[in-house]
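# Working through the structure, step by step
The chain contents come next:
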Amino acid sequence: MNHCSIDPTNDGYANAIVDRRVFLQGATAAIAGAVLAPSGQSSAAPAAGAEMLIAGKDPRLIVHIPKPAVFETPAELLAGARVTPTPLLFVRNNQEPSEAITMKPLPLAGWKIELAGLIDGPQAIDAAALNGMEQVEREMVLQCSGNGRSLFANTKGTQWGRGGMGNVRFGGVRLSAILERHGIKIKPEAKYLTAEGKDEPAPGEQDFEHSIPVDEALQKSLLALRLGGEPLPAIHGGPVRLVTPGYYGTMHVKWVTRLRFDSKESDHSSQIPHYRTPRVPIKPGEAFTATYENSEPNWPMKIKCVVLSPASGAALPAGEVPVTGAAFNDGEARIETVLVSIDQGRTWRRAQLEVPDSPYAWYRWTARVRVSPMTKQIWARAIDALGRSQPLDGAIHWNPSGYTWNGVEKIDVKVRV
Ligand SMILES: Nc1nc2c(c(=O)[nH]1)N[C@H]1C(S)=C(S)[C@@H](COP(=O)(O)O)O[C@H]1N2
Ligand SMILES: [Mo]
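First, a word on what this report is: a plain description of the structure on this page. (Residues numbered from 1 in each chain as written. Chains lettered and ligands numbered in written order. Predicted model: local features only at pLDDT ≥ 70, side-chain atom pairs only at ≥ 80, totals over all residues. Heavy atoms only, no water.)

## Points about the overall build of the protein
When you go through the protein residue by residue, the secondary structure sums to 5 helices and 27 strands. Here the protein, with 417 residues, has 55% of them falling under the buried criterion. Look at the contacts in the protein between residues 6 or more apart in sequence, and 70% of them connect residues 24 or more apart. (Helix = DSSP H or I, 4+ residues; strand = E, 2+ residues; numbered from the N terminus. Buried < 20%, exposed > 50% of the residue type's maximum accessible area, 1.4 Å probe, protein only. Contact = heavy atoms within 4.5 Å.)

## Describing the sheet that holds strand β3 (residues 91-92)
Sheet strands pair by backbone hydrogen bonding; their relative direction is either parallel or antiparallel. Reading across the sheet, the 3 strands line up as β1-β2-β3 and stay open at both edges, with antiparallel pairing between neighbours. In this open sheet, the two strands that pair with only one neighbour each are β1 (62-65) and β3. Of the strand pairs in this sheet, β1 and strand β2 (residues 70-72) are connected by 3 bridges, and their pairing is antiparallel. Looking at β2, one finds that Val63 is bridged to Phe71. (Pairing = 2+ DSSP bridges.)

## Some remarks on empty space enclosed by the protein
To find leftover empty space, a probe the size of one water molecule is rolled over the atoms. A full pass over the atoms with the stated rule returns 4 cavities of 30 Å³ or more. Of the voids in this model, the largest cavity is the one considered here, and its volume is about 250 Å³. Lining the largest cavity are 19 residues, with Arg92, Arg241, Gly249, Thr250 and Lys254 positioned closest to its centre. Considering only residue class, the lining of the largest cavity consists of 8 nonpolar, 7 polar and 4 charged. For the lining of the largest cavity, the two domains that each supply at least three residues are domain 1 (14-94) and domain 2 (112-297). (1 Å grid on protein atoms, 1.4 Å probe; cavity = no way out; pocket = protein on both sides within 12 Å on 5 of 7 lines; lining within 4 Å. Points joined across faces, edges and corners; volume = space filled by probe spheres on them. Nonpolar A, V, L, I, M, F, W, Y, C, P; charged D, E, K, R; others polar. Domains from an automatic or database assignment.)

## Re the pattern of salt bridges
When charged atoms on two side chains of opposite charge get close, those side chains can pair. Scanning all chains against the criterion turns up 22 salt bridges. Arg258 is the salt-bridge partner of Glu114, the closest N and O atoms lying 3.1 Å from each other. In this pair, Glu114 sits in strand β4 (residues 112-117) while Arg258 sits in strand β15 (residues 256-262), placing the two residues 144 residues apart along the sequence. Residues participating in the shared-partner salt-bridge network are Glu114, Glu196 and Arg258. (Salt bridge = Lys/Arg side-chain N within 4 Å of Asp/Glu carboxyl O.)

## Considering the site of ligand 1
Around ligand 1 there are 20 residues in total, and Phe90, Asn94, His236, Arg241 and Lys254 lie nearest to it. Contact distances for ligand 1 include 2.9 Å between an oxygen atom and a backbone N or O atom of Phe90. In a pocket analysis with a 2 Å cut-off to the grid points, ligand 1 is assigned to the largest cavity. The residue inventory of the shell around ligand 1, partitioned by class, reads 8 nonpolar, 8 polar and 4 charged. (Near = heavy atom within 4 Å. Polar contact = N/O pair within 3.5 Å; in protein donor to acceptor, adjacent residues only side chain to side chain. Sits in = over half its atoms within 2 Å of the grid points.)

## Notes on the sheet that holds strand β23 (residues 352-354)
The strand order across the open sheet formed by 4 strands is β18-β20-β24-β23, and the pairing between neighbours is antiparallel. The sheet is open, and its two borders are formed by β18 (304-309) and β23, each paired with just one other strand. Strand-to-strand twist of the sheet, defined as the mean angle between neighbouring strand axes without regard to direction, takes the value 30°. With 5 bridges joining them, β18 and strand β20 (residues 319-328) adopt antiparallel strand pairing. When the bridges of β20 are listed, Cys305 appears paired with Ala327. (Axes fitted to C-alpha atoms, helices over the stretch in contact; angles between N-to-C directions.)

## Details of the environment of Trp398
As for its position among the elements, Trp398 is in the loop between β25 (377-384) and β26 (409-412). Of the residues examined, Trp398 reaches a relative accessible area of 6% and is grouped as buried. For the pair Trp398 and Thr155, spaced 243 residues apart in the sequence, the C-alpha separation amounts to 8.6 Å. Apart from the residues within four sequence positions on either side, Trp398 is in contact with Phe152, Ala153, Asn154, Thr155, Ile282, Lys283, Pro284, Gly285 and Glu286. Here the side chain of Trp398 touches Ala153 through a polar contact of 2.8 Å, landing on its backbone oxygen.

## Structural notes on unusual backbone geometry
Leaving glycine out, the prevailing phi sign among residues is negative, and the prevailing peptide bond configuration is trans. A cis amide bond links Gly238 with the next residue in sequence, Pro239, at an omega value of 10°. Summarising the element assignment, Pro239 is placed in the loop between β13 (230-231) and β14 (241-243). In this structure, the amide linkage connecting Ile272 to the following residue, Pro273, adopts the cis form with an omega of 10°. Inspection of the secondary structure assignment puts Pro273 in the loop between β15 and β16 (276-278).

This is the structure we're talking about:
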């Protein structure tokens, strides 16, 4: 078991950026707006914008790391459209094949997907054959499990704000239909599906891989070939990516070359110790070493609600202002309510929801609130049909890598008289 193969907490370069962002976040509201600007305000050597690193990406993306690409969408740019335009979509690579650093698709012809483990039937399929099968579309939230990490104190890794997410439409073929078409039978002992991507790992290191429960994969997973109706750009995992709606982004393995059916979860570093949270709460700052027993993988997404406009730190005129945002969960129950408060939760009012057709897509919401110079924060909270909601204090889910933040949304605002 090689637990050092991938370190999503990343290197010194990332930390330099982190420090600058933390500094800016501590500054005044006016400066806080600048955190969302492209990385040009650094006094160090000017960093290349996202559009320089990957032609077709939007220059306003925040470049956390140029290589492997880790780009964040400034949250207020997500307010513009229900489906996030691909140029604005965040990017998160732990390691990346050099031919995949492009918005262009990679050819499907010649791409093989190996099938292994506890199955009977063919041991490989031609990805090109997927084109001849029934195509489905899934509108869904794509969110890194590190999204919102900067809202925890003292965590390791890229200090994501709110924009390590987007609402996208993947198209492709259902995994269950592919297995059926090829006469592949999964043995009852198989409990997990492990998908392996064709990355370009450093010498001695392994390709990225993740395991998910096999029953969930058979119900929900697709081999995706399209994004927003277009051939899947290589940077987002083209030519073919495993996508499981309702799950955190890290589980949607890009450049899929191998599907393995197993009785156990993978022991790859990306499955354990990374991308897991403690089953029992730990205190902020407490040391934690994830094991299969004491932790769970970043699988279904926790219910969450984010304010997209106004931007965090915005200066507002006194009076009635619109507040808009997005709310979502794992798709297992509809979002029933989004509540907004401008008085630290003493009183709440209901937002209006735009209900999407897909259970995995985000709900856009709008509320009108009357702010005064007394108003210091806007809060927002979602509740779903199972009664699931977000903790008032998101820190109760603290974990060393700051995964799966879902605290009640609290943005700072400054209201002029
Ligand atoms: N093969 C492979 N798949 C991967 C990754 C990776 O590094 N290699 N990163 C994962 C992580 S952590 C996230 S959040 C999503 C990001 O998807 P995006 O870059 O298309 O936005 O891809 C996931 N799939
Ligand atoms: Mo991620």
